[in-house]
Amino acid sequence: MENNKKARRSYLGTVLGCYCPRCREGKLFEKPLTLKLSGFMKMNKACPVCGQPTEIEVGFFYGTSYVSYMLAVALSVASAVAWWVLIGFSLQDNRFVYWIIFNAILLVVLQPWLMRFSRSLWLSWFVKYDPNWRTRGPRDVSERINEDQGNNW
Ligand SMILES: [Zn+2]
């Protein structure tokens, strides 16, 4: 069917919205991100729409710490540039210190979102969009998953 070939979401919308990279329809996380943060990192074991496993091998999400670190550095650079343009830095006053404090608060506030976003981004590098996801099943990764080893990372 022709109208099944086109993804409803763009790659960026999929990654930012934490949707399954394979079908771009199902949600990766069980709950939406709220201020309460209860269980906000709990992922669906598999995509509720196409069945794509979210953790495709043992310790798969170990790599996301590097992604979230990179994102935090990128955000800090962006906030430094914005601060420099809007407020400026000077050796004569404490504006640099204020930026440090502002940036620290920014990173803490955005941390939950960064953690989810980096998992979404990480998974999207390994699982590609499949236009035929309705008729074709996800790649079998069961031999790469060992429940007993799941928490040894
Ligand atoms: Zn899916």
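Residues numbered from 1 in each chain as written. Predicted model: local features only at pLDDT ≥ 70, side-chain atom pairs only at ≥ 80, totals over all residues. Heavy atoms only, no water.

Draft legend 1. Structural context of the coordination of the zinc ion. Ligation of the zinc ion by protein atoms is provided by Cys20 (SG), Cys23 (SG), Cys47 (SG) and Cys50 (SG), these donors lying 2.3 Å from the ion. Sequence spacing of the donors to the zinc ion: C-x2-C-x23-C-x2-C. Placement of the pair is Cys23 in the loop between helix H1 (11-16) and helix H2 (64-86) and Cys47 in the loop between H1 and H2, with a sequence separation of 24 residues. Classification of Cys23 by relative accessible area gives buried; the value is 1%. You can call Cys47 buried: its relative accessible area is 4%. (Donors = N, O, S within 2.8 Å, 3.2 Å for Na, K, Ca; no water. Helix = DSSP H or I, 4+ residues; strand = E, 2+ residues; numbered from the N terminus. Buried < 20%, exposed > 50% of the residue type's maximum accessible area, 1.4 Å probe, protein only.)

Draft legend 2. Seen up close, the pattern of salt bridges. Following the criterion strictly, the structure yields five salt bridges and no others. With a shortest N-O distance of 3.9 Å, Glu30 and Lys42 are connected by a salt bridge. Placement of Glu30 in the loop between H1 and H2 and of Lys42 in the loop between H1 and H2 is noted, with a sequence separation of 12 residues between them. A relative accessible area of 41% means that Glu30 is categorised as partly exposed. Between Asp130 and Arg136 there is a salt bridge; the shortest N-O distance is 2.8 Å. (Salt bridge = Lys/Arg side-chain N within 4 Å of Asp/Glu carboxyl O.)

Draft legend 3. Just the environment of Leu106, in detail. The residue Leu106 is located in helix H3 (residues 95-126) in this model. Distance from Leu106 to Ala72, taken between C-alpha atoms, is 9.8 Å for residues 34 residues apart in sequence.

Draft legend 4. Geometry of the packing of aromatic side chains. Tallied over the entire structure, the rule returns 10 aromatic pairs. Considering the side-chain rings of Phe60 and Phe61, the 4.9 Å spacing of their centres and the 65 degrees angle between planes classify their relative orientation as edge-to-face. Taken individually, Phe60 and Phe61 each receive the classification buried, so the pair is uniform in this respect. When the centroid spacing of 5.2 Å and the interplanar angle of 80 degrees are considered together, the rings of Phe60 and Phe126 count as edge-to-face. Linking Phe60 in the loop between H1 and H2 with Phe126 in helix H3, this pair joins segments that are 66 residues apart in sequence. Judged by relative accessible area, Phe60 falls into the buried class, the value being 4%. You can call Phe126 partly exposed: its relative accessible area is 43%. The ring of Tyr129 is capped by Arg24, whose NZ or CZ atom sits 4.6 Å from the centre of that ring. Above the face of the Phe61 ring, Arg119 is positioned so that its terminal group lies 4.5 Å from the ring centre. (Phe/Tyr/Trp six-rings, centres within 6.5 Å; stacked < 30°, edge-to-face > 60°. Lys NZ or Arg CZ within 6 Å of the ring centre and 35° of its normal.)

Draft legend 5. Structural context of the UniProt feature "transmembrane region" (unreviewed entry) in the protein. Mapped onto this structure's residue numbering, the UniProt feature "transmembrane region" (unreviewed entry) falls at residues 69-90 and 96-114. Here residues 69-90 is 82% helix and 0% strand, with 28 Å between the C-alpha atoms at its ends. Along residues 96-114 the backbone is 100% helical and 0% strand, and the end-to-end C-alpha distance reaches 24 Å. (UniProt positions renumbered as here; feature names shortened; annotations may be inferred.)

Draft legend 6. Up close: the side chain of Arg24. With respect to the secondary-structure elements, Arg24 resides in the loop between H1 and H2. Buried charge without a salt bridge: Arg24, with Glu25 as the nearest opposite-charge side chain at an N-O distance of 9.1 Å. (Lys, Arg positive; Asp, Glu negative; His and termini not counted.)

Draft legend 7. Spatial organisation of H2. Its 23 residues place the ends of H2 32 Å apart at the C-alpha level, agreeing with the 33 Å of an ideal helix rising 1.5 Å per residue. Every buried residue of H2 is accounted for by Thr64, Val67, Ser68, Leu71, Ala72, Ser76, Ser79, Ala80 and Trp83. Its buried side turned inward, H2 meets H3. Phi turns positive, to about 90 degrees, at Gly88, one or two residues after H2. (Expected span 1.5 Å × (residues − 1). Contact = heavy atoms within 4.5 Å.)

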